[in-house]
Amino acid sequence: MKNWWRGAVTYQIYPRSFQDSNGDGIGDLPGITSRLQYAADLGVDAIWLSPIFTSPMADMGYDVSDYKGIDPLFGTLEDFDKLVARAHELGLKVIVDQVISHTSDKHPWFLESRSSKDNAKADWYVWAETKRDGTPPTNWLSTFGGPAWEWDTTRRQYYLHNFLASQPDLNFHNFAVQDALIDTMRFWLERGVDGFRMDTVNYYFHDKMLRDNPAHERNDPRPEVNPIEMQYHMFSKNRPENLAFLERFRALLDEFPERTSVGELGDSQRATELMAQYTAGGNRLHSAYSFDMLSPNFSAGFFRSRIEGFFKAAPDAWPGWSFSNHDVQRHVTRWKGYSDDQAALAKLAAAMLLSFEGSIYLYQGEELGLAETDIEYHELTDPPGFKFWPEYKGRDGCRTPMVWTGGNDYAGFSTVKPWLPVKAPQAFLNVAGQAGKAGSVLEFYKAMLAFRKSRVAMVEGRSRFFDTREPVFAFQRGTGKGAVLAVFNLSKDALNVGVSGASMGKGPSQNAVLAGGKLDLGPNGFAVMDCSGEVSVGY
């Protein structure tokens, strides 16, 4: 299927937390393979595997020490091949996480690079001399706290790390580094993967002149919990040189039929602009997503501005949208202030996200309506959680194990105590308890995914937004016969909206009644309706 990724829905699997098959409390590849039928039955088009490569696990696999090996925690290359084969049997594409902006400090490349200033890989990482007073060469800050530079006693130089000190940044200005990374990605393409999720895709290049980042002008004079947001990241990331590398990467993908790429853009200041840049022209990334919709923002104006802003900046490019992933608080917790009913909020979010123009990314467990797990300090595993506790508790709360069944201590994930706890509020929402149950969040996701697939307008149709007041969010997908009108109430209060040119039919809805040109919407109510000809929405 040509350009299968356009409008596709991808289900993110966090391997450590999906299914344990060998009784060590950690999810693995055979466990994932045993559950692929679940993903297929859900109705998604692809799965995305968070990192499975060999790693010391300082950052749960985002610190790679061998780009061509499977970490023994997860299994073997043979297990991976079996997973891909089974996924393809079920009609699922397989996307793997590629973390190439940095490696582990245990990677052989870094061990050689740090050994001297004149070895074959001396310039494979970002090394810099100290200032005369011994301080780091720039003011750049690490996403995980503190300076982005670490002193190395062997080379008597600093090296750059945008995350943990054990995650040194590769030097993309060195073409030998690019060659080596392209080679590792070719390895997985030849093994049958259908594409890559490119981690921190805007971090690849740094400013060669090592200029300080300017201050980010902010209204709040207080420091952030993490002061990295007090800088405007002009020189530490988001460099224009990145575009040429993305074109080189795309040329590799184009050697293999129907492969795809999606880039993660970690930037709160220029997200829409960068998404447009990185996907424009047909010779860079196939799509990209930012953290904009992974934020606390929950308003019609905000969602509209992200979608309209992207297509205005790059009308020939393609976005990806998600509400949750392994790095942020689950969305039913982030947005709980807008609802008194967790299940109703989960369904509202699903209907909205799965109606958006673009490719969609779901995170394991959101289809169950899972909220963030309340993690206590003694249960922490995530480095930023230790660094910024208690104001920021890290990412463990969204990474707890998948809940498959009720009636046991570990919800069918494992037979032993898992690496992160399974707690009662999550276990209560298990798959077995929702499957086939009318009105459950899981069954709503299945219905909404089926509806999206059944309507060409929901996958290919352009978006037309209506000028409604808050908290009403309304847009049309496509035109003429087969077009769809979606109207959402982003609040706890009942309201009514004037609607003409649409009919409820069998489209997904919640707390919604259409009669006499009025759409009555209860709290978190919505309706996804058939429409044709002239359509109007007024509120």
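Details of the structure are given in the entry above.
Residue numbers restart at each chain and count upward from 1, following the sequence in its written direction. In keeping with the model being predicted, local features are shown solely for residues with a pLDDT of at least 70 and side-chain atom pairs are shown and tallied solely at 80 or more, while totals for entire chains, interfaces and linings include all residues. Where side-chain values are given, they derive from all heavy atoms of the structure, hydrogens and water being excluded.

### So, the overall build of the protein
Okay, step 1: Starting at the N terminus, helices and strands are each numbered in turn, a helix being any DSSP run of H or I of at least four residues and a strand any DSSP run of E of at least two. When helices and strands are counted, the protein shows 15 helices and 19 strands.
Okay, step 2: Radius of gyration here is computed from C-alpha atoms only, and the compact-globule reference equals 2.2 Å multiplied by the residue count raised to the power 0.38. In terms of overall dimensions, the protein is globule-like: its C-alpha atoms have a radius of gyration of 23 Å, near the 24 Å expected for 539 residues.
Okay, step 3: Dimensions of the protein along its principal axes, counting C-alpha atoms only, are 80 × 50 × 50 Å.
Okay, step 4: Between buried and exposed lies partly exposed: a residue is buried under 20% and exposed over 50% of the maximum accessible area for its type, with that area taken using a 1.4 Å probe on protein chains only. Expressed as a percentage of the 539 residues in the protein, the buried residues total 61%.
Okay, step 5: Expressed as a percentage of contacts within the protein between residues at least 6 apart in sequence, the contacts between residues at least 24 apart total 69%. Residue contacts are counted whenever heavy atoms from the two residues lie within 4.5 Å of one another.

### Remarks on the environment of Phe 473
Okay, step 1: Following the sequence through the fold, Phe 473 ends up in strand β15 (residues 472–477).
Okay, step 2: Between the C-alpha atom of Phe 473 and that of Thr 33, which follows or precedes it by 440 residues, the distance is 39 Å.
Okay, step 3: Sequence-distant contacts of Phe 473, that is, excluding residues within four places in its chain, are made with Ala 300, Phe 303, Arg 304, Met 352, Phe 356, Phe 465, Thr 468, Ala 486, Val 487, Phe 488 and Leu 490.

### Let's talk about the pattern of salt bridges
Okay, step 1: In the sections that follow, a salt bridge refers to a side-chain nitrogen of Lys or Arg positioned within 4 Å of a carboxyl oxygen of Asp or Glu. Scanning the entire structure with this criterion turns up 34 salt bridges.
Okay, step 2: Arg 239 serves as the salt-bridge partner of Glu 241, at 3.8 Å between the closest nitrogen and oxygen.
Okay, step 3: For Glu 241, a relative accessible area of 29% puts it in the partly exposed group.
Okay, step 4: Arg 306 is paired through a salt bridge with Asp 292; the nearest N and O atoms lie 3.0 Å apart. One end of the pair, Arg 306, is in helix α8 (residues 300–313); the other, Asp 292, is in the loop between β11 (287–290) and α8, and 14 residues separate them in sequence.
Okay, step 5: The exposure class assigned to Arg 306 is partly exposed, which follows from its relative accessible area of 22%.

### Comments concerning helix α14 (residues 441–454)
Okay, step 1: Look at α14: 20 Å from first C-alpha to last across 14 residues, which is about the 20 Å you get at 1.5 Å a residue.
Okay, step 2: Within the span of α14, buried status applies to Val 441, Leu 442, Phe 444, Tyr 445, Met 448, Leu 449, Phe 451 and Arg 452. By this rule, a helix spans an expected 1.5 Å times one less than how many residues it contains.

### Points about the sheet that holds strand β7 (residues 149–152)
Neighbouring strands of a sheet are bound in pairs by backbone hydrogen bonds; such pairs are parallel or else antiparallel.
Okay, step 1: If DSSP finds at least two bridges between two strands, the strands pair. One open sheet accounts for three strands, arranged β6-β8-β7; its pairing is antiparallel. Two strands lie at the open edges of the sheet, namely β6 (127–128) and β7, each paired on one side alone.
Okay, step 2: Bridge analysis of β6 against strand β8 (residues 157–160) gives two bridges, and the strand direction is antiparallel. Note that in β8 the partner of Trp 127 across the bridge is Tyr 159.

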